[in-house]
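# Topology and contacts: notes
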Amino acid sequence: MVRAVAASDLPNLTRLELWLGVNEYGGDARADDLAPILAGRSLPALTYLGLRNAEIAEEVATAVAAAPVVARLTDLDLSMGVLGDTGAETLLAGQPLTHLRRLDLSHHFMSTEMAQRMIDELPGVEVDVSDPQQEEEWGRYTAVAE
């Protein structure tokens, strides 16, 4: 599905929300599959991008940090996935995000310090770092898997 959307030309689409899921249940998209979406050429009107519920949240954060489409977004939603400190650090080190109206990172695996840093370093942006999770013995988990 992700590859099909990425291959589409959608000039009037303003809102795109993809639930990336987990590999074990068919969520086989990789960050490379998102490249056409993140380039933004076929989505000139896009203002909201949701790449949610991602088992590959750290990869997604790395891709988003340098994605041309982000400069014209008002809302970026990377919630419900397994984003941790590494992905959050990558987002902060990438292109500026201070133009966003809202950044949703809820259901995350960031430390308390990193979650606060996200808020502090993006003044004027509504940053949602609610619903912090603790990594289990078997690892991190998305909000929806089964």
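Before any of the text, the structure's been laid out above.
The following paragraphs examine the structure supplied in this document. Everything numeric in this text was worked out from a predicted model, so none of it was measured. (Residues numbered from 1 in each chain as written. Predicted model: local features only at pLDDT ≥ 70, side-chain atom pairs only at ≥ 80, totals over all residues. Heavy atoms only, no water.)

### Some details on the packing of helix H4 (residues 85-93) against helix H5 (residues 112-120)
Just so we agree on the cut-off: Inter-axis angles, ranging from 0 to 180 degrees, are taken between N-to-C directions of lines fitted to C-alpha atoms, where helices are fitted over the stretch in contact. Helix numbering and strand numbering both begin at the N terminus, where a helix is a DSSP run of H or I of at least 4 residues and a strand a DSSP run of E of at least 2. Comment on the angle field: the value is read as roughly parallel under 35 degrees, roughly antiparallel over 145, roughly perpendicular from 65 to 115, and oblique elsewhere. For any helix crossing, the convention is left-handed if the near helix is rotated counterclockwise from the far helix by under a right angle, and right-handed if that rotation is clockwise. We call two residues in contact whenever any of their non-hydrogen atoms come within 4.5 Å of each other. Under the grouping applied here, Gly and all other residues not named as nonpolar or charged are polar, the nonpolar ones being Ala, Val, Leu, Ile, Met, Phe, Trp, Tyr, Cys and Pro and the charged ones Asp, Glu, Lys and Arg.
Relative orientation of the contacting elements H4 and H5 amounts to 20°, with a least axis distance of 10 Å. Between H4 and H5, the angle is such that the two are roughly parallel. When the axes of H4 and H5 are compared, the crossing they make is left-handed. Along the contact surface, H4 presents Asp 85, Ala 88, Glu 89, Leu 91 and Leu 92, while H5 presents Met 114, Arg 117 and Met 118. By residue class, the composition of the contact of H4 with H5 is 5 nonpolar, no polar and 3 charged.

### Points about helix H3 (residues 57-65)
Quick note on the threshold: Using a 1.4 Å probe on the protein chains alone, a residue whose accessible area is under 20% of its type maximum counts as buried, one over 50% counts as exposed, and one in between counts as partly exposed. Directions from the helix axis toward the C-beta atoms define the arc.
Among the residues making up H3, those that are buried are Ala 57, Val 60, Ala 61, Val 64 and Ala 65. Relative to the axis of H3, the buried residues are bounded by an arc of 135° and lie together on one face. Where H3 is buried, its residues meet strand S1 (15-21), helix H2 (35-39), strand S2 (48-54), strand S3 (75-77) and H4.

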